[in-house]
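A structural walkthrough
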Amino acid sequence: MPQAYIGVDVGTSSTRAGVFDEAGNLLATARHPIRTWHEAGDIVEQSSSDIWDACAKSVRAAMAEAAIASEAVKGIGFDATCSLVVLDRDGEPVTVSVSGDRQRNVIVWMDHRATAEARLINETQDNVLRYVGGSISPEMEMPKLLWLKRHLRASFDAAGHFFDLADYLTWRATGSLQRSTCTVTCKWNYQAHNSQDNAGGWSAPFFQRIGLSEFVGEKYARIGTEIVPPGTRLGAGLTRAAAADLGLIPGIPVGASLIDAHAGGVGAIGGRDGSDGTADVCDRLAYIMGTSACIMATTREPCFVPGVWGPYYSGMVPDFWLNEGGQSAAGAAIDHLLKSHPGHTEASAAARKDGLDLIDFLEKRIIARAGSASKAALLARDIHVLPEFIGNRSPYADPDTRAVVAGLDLDTDIASMERLFVAGLCGLAYGLAEVIEAFAAHGVTSRIMIMGGGASRSPLVRQIMADTTGLTVALPQTKEPVLLGAAMLGAVAGGAFASIGETMAKMSALGRLSEPTAEGMADFHRRKRDVYKLLRDVDRGSRAAMRGFELAV
C-alpha cells in the first residue's frame, strides 16, 4: 500500500489540509473557513473549537478527494498562525473577550490590543529581548498574556493551559502537553540554546520583571514544561476522539508542530535544485506571503539584527539559527487597498464574468498592457504606497506605523485600480528590501529567495520582488509548500525519515525561477524607493506632530 502523509495548515481566515505521498507529491487539498470576530481597538478573536472543527472538515474532504484508505496515512503534522489559545484545567474554552463569550478564546496573531503591554515589557530591557531583535511585538504571546492579566484577570486566573495555536492542535490531536521548540522559542521568549550568559529554557527573572511571576511560581505548568523539536512523535498518536473527528485511524503518528510561515520555510528552503549537491539552507531566504509576510534566514551561528526577530536556535530548522523579519500586513494590505478603490465593484463583476478572482483578473490585464511582469511596475510611476496599515514588524519594530498613499487622483476606472494595485506591490517589495538589507548589514546574506504562500503564484509579485531586491526568486516545485512542511512533520514522526533535514531533501524541490530584470527597472525601483522613504518620514513626522491630542473616550 502506498504511504501518505497529511499536513494541516491553519491560516488567518481558513484551515487547509493536504495529502502527500512519500516523495512530496500533492495528492489532494481541501479548505474550510474559520469564524473571526473583529472589534474596535485592533481586537481580533477566534474560537479554538471552531478551528478544530474546520480542521476536521478539511482533512475529511482532502482524504475523500485523494480517494485513499485511512490505513495509507502514516503521519500527520499541524501548523498554525501564532495565535494565543486559552483553556481551563478541563480543556474547555476560557474567554479572551470583554464580551464574556466563552467561544471567543483565541487572541489572533494580528490582534494589537497588547501594544501598551509590549511597551512595558520593552522598557525592562531584559537580556531575553536580545533574541527578538531588541523589541518584543504585540503580536507575540507575552504582551497578550500580560494584557489578559491586567484587563481580564478572571480569565487569566481560570486558565489551566495557555497554548500557541499550533501546539493546541497537537494537544487536541494527541492529548500531549509537549510544546514545539518552534512556537515557544519564536513567540514565547523561550531560550532553546545554552551559552555562557544564558542557561536556556524559561527565564524566571524575565517573567518577574514583566509582571508574570505566576508562571515561575507554578513552574511553567500552564505554558509548557516539556519542549521538543518539530516533528517529534507526540503521545501515542491520534487519540480515538481525534481520529473520529478527522475520519482517520487512532494511533497515526503526529509530529510536534510549526508556526505556519515556518512550515512554509521547511517545505521550501531545502528543496533539490537539479544539482548533485545538497542544498545549503544558509544560502536561501524564505519569503512566505499570505495575510502577513515572513522573511526567514537560516544561519549556522547567531546573528543579531536590530528590529528583526531572533536569532532563534532551532526555531525552524533543527540545530540552525533563524532570523525572522516580517510585514504585519501583506496580502491583507493589498486586499484593503483594492476594496477601498471606487472601482472595486465594477472590477469584481468583470473578474467573475471572466471566471477569475480579482487579483488574477487585474494581473492579466496589467501584464498585457505592460508587455512583461518586470515592466509592469512602470504603471505605478506616479502613485506611491507605504502599505503598513497595522504597523511595521521589521526592521523598525514600530507597531504604530500606519499606511500612507501619495499620488491619488479622482479616476475611478479599473485602470486606476491597476495602478494602485501595482503601487501596493511595490511598497511591499520595498519593505522586503529593507529587511534584506538589515540582514546583510549584520552578516546574514542569501543568494536566492524562495517564495511561498498564496501570493507566490503571481508572476507579477515574484518579478517585482526580484527586481527590487536583486535576488533570484524561486518557486517551490509544490504549489503548497506550507502544507508540505506540515506533512513533513508527520513523515518524521512516522519514521519515514530520520530528521527534518533529510525530509526536506527527499520531499521537496525547487521549481520556476524569476526572469532577469528588464533594462532600466532596477534604477526605476531605486528612485521609487526614495519616495517610499519620504512616505515613512511623513508617517513618523505626522504622528510626532499630533502627539498629545488624543480624544478622551
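Each value, and the rule that gives it
- Residues numbered from 1 in each chain as written.
- Predicted model: local features only at pLDDT ≥ 70, side-chain atom pairs only at ≥ 80, totals over all residues.
- Heavy atoms only, no water.
- Helix = DSSP H or I, 4+ residues; strand = E, 2+ residues; numbered from the N terminus.
- Buried < 20%, exposed > 50% of the residue type's maximum accessible area, 1.4 Å probe, protein only.
- Contact = heavy atoms within 4.5 Å.
- Expected span 1.5 Å × (residues − 1).
- Polar contact = N/O pair within 3.5 Å; in protein donor to acceptor, adjacent residues only side chain to side chain.
- Pairing = 2+ DSSP bridges.
- Axes fitted to C-alpha atoms, helices over the stretch in contact; angles between N-to-C directions.
- Phe/Tyr/Trp six-rings, centres within 6.5 Å; stacked < 30°, edge-to-face > 60°.
- Parallel < 35°, antiparallel > 145°, perpendicular 65-115°, else oblique.
- Left-handed = near helix turned anticlockwise from the far one by under 90°.
- Core = buried A, V, L, I, M, F, W, Y, C linked by side-chain atoms within 4.5 Å.
- Salt bridge = Lys/Arg side-chain N within 4 Å of Asp/Glu carboxyl O.
- 1 Å grid on protein atoms, 1.4 Å probe; cavity = no way out; pocket = protein on both sides within 12 Å on 5 of 7 lines; lining within 4 Å.
- Points joined across faces, edges and corners; volume = space filled by probe spheres on them.
- Nonpolar A, V, L, I, M, F, W, Y, C, P; charged D, E, K, R; others polar.
- Lys, Arg positive; Asp, Glu negative; His and termini not counted.

Attention now goes to the side chain of Arg16. Note on placement: Arg16 falls in strand β2 (residues 14-21). The class for Arg16 is buried, based on a relative accessible area of 12%. The contact partners of Arg16, leaving out residues within four places of it in the chain, are Gly7, Val8, Asp9, Ala30, Arg31, Ser58, Glu480, Val482 and Leu483.

This part covers helix α13 (residues 358-370). Taking 1.5 Å as the rise per residue, α13 with 13 residues should run 18 Å; its terminal C-alpha atoms sit 18 Å apart, in good agreement. Of the positions making up α13, those classed as buried are Leu358, Phe361, Leu362, Glu363 and Ile366. Looking at the buried side of α13, the elements it contacts are α11 (331-340), α12 (344-353), α14 (414-441) and α15 (459-469). The residue sitting at the N-terminus of α13 and contributing the capping side-chain oxygen is Asp357; that oxygen lies 3.3 Å from the backbone nitrogen of Ile359.

A few words now on the pairing of strand β12 (residues 254-259). In terms of burial, β12 is largely enclosed, as 6 of its 6 residues are buried. Bridging between strand β6 (residues 73-80) and β12 involves 4 bridges; their strand directions are parallel. From the neighbouring strand, Gly77 faces β12, where its bridge partner is Gly255.

What follows covers the sheet that holds strand β5 (residues 43-46). Pairing is antiparallel in the open sheet, where 5 strands are placed in the order β4-β5-β8-β7-β9. Two strands lie at the open edges of the sheet, namely β4 (37-39) and β9 (161-164), each paired on one side alone. In the packing of helix α5 (residues 165-174) onto the sheet, contacts are made with β7 (84-87) and β9, and the angle to β9 comes to roughly 110°.

With that out of the way, let us pick up the sheet that holds strand β21 (residues 510-513). In sheet architecture, strand pairing relies on hydrogen bonds along the backbone and comes in two forms, parallel and antiparallel. The strand order across the open sheet formed by 7 strands is β15-β16-β14-β13-β19-β20-β21, and the pairing between neighbours is mixed. If you trace the sheet from one side to the other, it starts and ends with β15 (309-313) and β21, each paired once. Mean inter-strand twist for the sheet, computed between neighbouring axes without regard to direction, equals 30°. Taken together, the 5 bridges between strand β13 (residues 284-289) and strand β14 (residues 293-299) define a ladder with antiparallel strand orientation. Bridging across to β14, Tyr287 finds its partner in Ile295. Of the strands in this sheet, β13, β14, β16 (321-327) and β19 (448-452) touch α14, which is tilted by about 155° from β16.

A few words now on the packing of aromatic side chains. All chains considered together, the criterion is met by 16 aromatic pairs. Taking 5.9 Å as the distance between ring centres and 50° as the angle between the ring planes, the aromatic pair formed by Phe156 and Phe215 counts as tilted. With Phe156 in helix α4 (residues 153-158) and Phe215 in helix α8 (residues 214-217), this residue pair connects regions lying 59 residues apart in the sequence. Note on accessibility: Phe156 and Phe215 belong to one class, buried. Consider the rings of Phe162 and Phe215, whose centres lie 5.9 Å apart with planes at 80°: the pair is edge-to-face. One end of the pair, Phe162, is in strand β9; the other, Phe215, is in helix α8, and 53 residues separate them in sequence.

With that settled, the discussion passes to the packing of helix α1 (residues 48-66) against α5. For any two helices packed against each other, one specifies the inter-axial angle together with the distance between the axes. Two elements in contact, α1 and α5, have axes whose closest approach is 11 Å; the angle formed by their N-to-C orientations is 65°. The angle between α1 and α5 places the two elements in the roughly perpendicular class. Note that α1 runs across α5; the crossing there is right-handed. Residue-level contacts link Ser48, Ser49, Ile51, Trp52 and Cys55 of α1 to Leu165, Tyr168, Leu169, Arg172 and Ala173 of α5.

Time to look at the nonpolar core. One finds Met142, Leu148 and Phe162 to be the most contacted residues of the largest nonpolar core, which totals 67 residues. What Phe162 contacts, discounting residues up to four positions off in sequence, is Leu84, Val85, Val86, Leu145, Leu148, Phe156, Arg179, Trp188, Phe215, Arg222 and Ile223. Of all hydrophobic cores here, the second largest spans 58 residues; its members include Leu285, Ala330, Phe361 and Leu432.

Time to look at the pattern of salt bridges. One pass over the full model with this rule turns up 33 salt bridges. Across the salt bridge formed by Glu480 and Arg16, the nearest N and O atoms sit 2.3 Å from each other. Here the residue Glu480 occupies a position in the loop between β20 (472-476) and α16 (481-493), and Arg16 occupies one in strand β2, the gap between them amounting to 464 residues. Between Asp523 and Arg526 there is a salt bridge, with the nearest N and O atoms lying 3.8 Å from each other. One end of the pair is Asp523 and the other is Arg526, both in helix α18 (residues 521-546) and 3 residues apart, which spans about a single turn.

Moving on to the environment of Ala380. With respect to the helices, strands and loops of the structure, Ala380 is situated in the loop between α13 and β17 (384-386). Judged by relative accessible area, which is 0%, Ala380 ranks as buried. When sequence neighbours within four positions are dropped, the list of residues in contact with Ala380 reads Arg419, Val422, Ala423 and Lys528.

The next subject is empty space enclosed by the protein. What the rule picks out here adds up to 4 cavities of 30 Å³ or more. Reported here for the largest cavity is a volume of approximately 90 Å³. Taken together, 15 residues form the lining of the largest cavity, with Ser137, Pro138, Asn392, Ala397 and Pro399 sitting closest to its centre. Of the residues in the lining of the largest cavity, the class split is 6 nonpolar, 6 polar and 3 charged. Around the second largest cavity, the lining comprises 13 residues; the ones closest to its centre are Gln327, Ser328, Ala329, Pro387 and Glu388. Elements represented by at least two residues in the lining of the second largest cavity include exactly β16 and α14. No other element matches the 3 residues that α14 contributes to the lining of the second largest cavity.

So, on to the environment of Gln103. With respect to the element layout, Gln103 can be found in the loop between β7 and β8 (106-107). Sequence separation between Gln103 and Asp50 is 53 residues; the distance between their C-alpha atoms is 8.4 Å. Excluding residues within four positions of it along the chain, Gln103 makes contact with Arg35, Trp37, Gln46, Ser47 and Ser48.

Time to look at the side chain of Asp164. When you line up the elements, Asp164 lands in strand β9. Although Asp164 is buried, it forms no salt bridge, and the closest oppositely charged side chain is Lys187 at an N-O distance of 7.9 Å. Polar contacts involving the side chain of Asp164 include one to the side chain of Trp188, which spans 2.9 Å. Setting aside residues no more than four positions away along its own chain, Asp164 makes contact with Thr81, Cys82, Ser83, Glu141, Thr183, Lys187, Trp188 and Ile259.

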